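Residue-level listing of the chains:
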Amino acid sequence: MAQIFVSHSQKDEEIVDFFLRAFAGTKVKPLFQELEKEPANGITEKEFTRNIEASNAVFVLLSEGVQSLAHTGYWIAWECGTAKNKEIWVFEPFESGFQIRVV
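Residues numbered from 1 in each chain as written. Predicted model: local features only at pLDDT ≥ 70, side-chain atom pairs only at ≥ 80, totals over all residues. Heavy atoms only, no water.

Trainee: Even after reading the chapter, I still don't get the overall build of the protein chain, so can you show me in this structure?
Mentor: A count of helical and extended segments in the protein chain gives four helices and four strands. For the protein chain, the succession of helices and strands along the chain, N to C, is β-α-β-α-β-α-α-β. For the protein chain, with 103 residues in total, the buried portion stands at 37%. Across the protein chain, contacts joining residues at least 24 apart in sequence account for 83% of those joining residues at least 6 apart. Accessible surface for the protein chain amounts to roughly 6,500 Å². Of this, 55% is attributable to carbon and sulfur atoms. (Helix = DSSP H or I, 4+ residues; strand = E, 2+ residues; numbered from the N terminus. Buried < 20%, exposed > 50% of the residue type's maximum accessible area, 1.4 Å probe, protein only. Contact = heavy atoms within 4.5 Å. Areas by Shrake-Rupley, 256 points an atom, 1.4 Å probe, with all protein chains shown as cover.)

Trainee: Would you mind showing me how to read the environment of Glu-13 here?
Mentor: Within the fold, Glu-13 resides in helix α1 (residues 13–23). Residues Glu-13 and Gly-65 lie 52 residues apart in sequence; the distance between their C-alpha atoms is 10.0 Å.

Trainee: What should I look at first to understand the sheet that holds strand β4 (residues 87–91) in this one?
Mentor: Remark on secondary structure: sheet strands pair via backbone hydrogen bonds, oriented parallel or antiparallel. Taken in spatial order, the four strands line up as β2-β1-β3-β4 in an open sheet, and their pairing is parallel. Two strands in the sheet have a free side with no partner beyond their single neighbour: β2 (28–32) and β4. Between one strand axis and the next, the sheet turns through 25° on average, direction left out of account. Sheet strands touched by α1: β1 (2–7), β2, β3 (57–61) and β4. Its angle to β2, the strand with the most contacts, is close to 160°. (Pairing = 2+ DSSP bridges. Axes fitted to C-alpha atoms, helices over the stretch in contact; angles between N-to-C directions.)

Trainee: Any chance you could explain the nonpolar core here in plain terms?
Mentor: Side chains of a nonpolar character, in soluble globular proteins, are inclined to be buried together. In this structure, Phe-5, Leu-31, Phe-48, Ile-52, Val-58, Val-60, Leu-62, Val-66, Trp-75, Ile-76 and Ala-83 together form the largest nonpolar core, which totals eleven residues. Elements supplying a minimum of two residues to this core: α2 (45–53), β3 and α4 (70–82). (Core = buried A, V, L, I, M, F, W, Y, C linked by side-chain atoms within 4.5 Å.)

Trainee: I tried to follow unusual backbone geometry on my own but got confused; where do I start?
Mentor: Both trends apply: most residues other than glycine have a negative phi, and most peptide bonds are in trans. One non-glycine residue with positive phi stands out, namely Lys-84, at about 50°. With respect to the helices and strands, Lys-84 occurs in the loop between α4 and β4.

Trainee: Where do I start with the packing of α2 against α4 in this structure?
Mentor: Helix-helix packing is described using two parameters, namely the angle between the two axes and the distance between the axes. For the pair α2 and α4, the least separation of the axes is 9 Å and the interaxial angle reads 50°. It follows that α2 is oblique to α4 by the angle criterion. Relative to α4, the crossing made by α2 is right-handed. In contact with Glu-45, Phe-48, Thr-49 and Ile-52 of α2, α4 contributes Trp-75, Trp-78, Glu-79 and Thr-82. Tallied by class, the residues present in the contact of α2 with α4 amount to four nonpolar, two polar and two charged. (Parallel < 35°, antiparallel > 145°, perpendicular 65-115°, else oblique. Left-handed = near helix turned anticlockwise from the far one by under 90°. Nonpolar A, V, L, I, M, F, W, Y, C, P; charged D, E, K, R; others polar.)

Trainee: Just checking my understanding: could you explain the pairing of β1 for this structure?
Mentor: Successive side chains on a regular strand alternate, one facing one side of the sheet and the next facing the other. Counting buried residues along β1, five of its six residues qualify, which places the element largely inside the surrounding structure. In this sheet, β2 lies alongside β1 in parallel orientation, the contact comprising five bridges. Within β2, the residue paired with Phe-5 across the bridge is Leu-31. Assessed by its sense of winding, the connection that carries the chain from β1 through α1 to β2 is right-handed. (Right-handed = clockwise from strand over helix to strand, strands pointing away.)

Rendered as structure tokens:
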């Protein structure tokens, strides 16, 4: 079974729900971990690193929610850097007009 690490904002329930439905019934396991507040709720940097390394790819879900919290943007940048040579797929809602800016 393939695993996809999904980088996102916890504010984006609708977008996350869309991807959960898209993965349903497939042999792809999406991994959603959230780190919006400091400190993380029991999730360590080592766990994030391990989960990203165990994934086949990283999906980045850009949104206003990501952009509104600098901390979230920095974590997404860190997650992408941790992905090293893995494929990184970036998704942004069409309605945003491709105006989301993340570090």
